[in-house]
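Topology and contacts: notes
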Amino acid sequence: MMRLTGKKVIALVDEEFEDLELWYPVYRVREEGAEVHLAGLEKGKTYTGKYGVPAQAEYSFEELNSKDYDGILVPGGWAPDKLRRYDKVLQLVKEMNEDQKPIGQICHAGWVLISAKILDGVTVTSTPGIRDDMENAGAIWKDEAVVTDGHIISARRPPDLPPYGKAFCDALAQQGK
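In short, a report on the structure. Because the structure is predicted, anything quoted here is derived from the model rather than measured.

**As for helix H3 (residues 87–98)**
An ideal rise of 1.5 Å per residue puts 16 Å on 12 residues; H3 measures up with 16 Å between its terminal C-alpha atoms. Of the residues making up H3, those classed as buried are Lys88, Val89, Leu90, Leu92, Val93, Met96 and Asn97. Two residues or fewer after H3 comes Gln100, characterised by a positive phi angle close to 55°.

Structure representation (structure tokens):
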């Protein structure tokens, strides 16, 4: 049996997500046995990544209950600037944080965690372009490929995807033990 069998993860999606930052972690988590549900504002809508890769939302945000999931993935790109505007997305992230469930964020995805107001005192990384935003939200920012602070796993950009995918899967495997 794969180590993530029985685990369920939400992957958030909106227009202009960074293609690799959505799909690499989704496939990485699936290859270890977890079930991943793509969620967007509109169920059934196909969202397009910055480089043209499509992603169809299997669920709408409103259909989701954080209690039914073991973790959440927030992609980078320009999608986080849209995702942070949805109350239900912020609610899901806040609830995952309260329940200490793994929250994966890469590149500009930190914007969603900032808007959820969960970064005060948390050590993270992100694309250097939003370092000031992260620090102004109270985060301790590090220029490292991957930073894990408890249940929050963060990475800078696509070259960091291999260690980020592993770190998220490791956190998911430990969750609930």
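**As for the sheet that holds strand E11 (residues 152–155)**
In space, the seven strands of this open sheet follow the order E5-E2-E1-E6-E7-E11-E10, with mixed pairing throughout. Every other strand in the sheet has two partners, leaving strand E5 (59–60) and strand E10 (146–149) as the edge strands with one partner each. Relative to strand E6 (residues 71–74), strand E1 (residues 8–12) is paired through three bridges, and the arrangement is parallel. Its bridge partner being in E6, Ala11 is matched across the sheet by Leu73. Relative to the sheet, H3 contacts E1, E6, strand E7 (103–106) and E11, its axis offset from that of E6 by approximately 130°.

Rules and cut-offs
Residues numbered from 1 in each chain as written. Predicted model: local features only at pLDDT ≥ 70, side-chain atom pairs only at ≥ 80, totals over all residues. Heavy atoms only, no water. Helix = DSSP H or I, 4+ residues; strand = E, 2+ residues; numbered from the N terminus. Expected span 1.5 Å × (residues − 1). Buried < 20%, exposed > 50% of the residue type's maximum accessible area, 1.4 Å probe, protein only. Pairing = 2+ DSSP bridges. Contact = heavy atoms within 4.5 Å. Axes fitted to C-alpha atoms, helices over the stretch in contact; angles between N-to-C directions.

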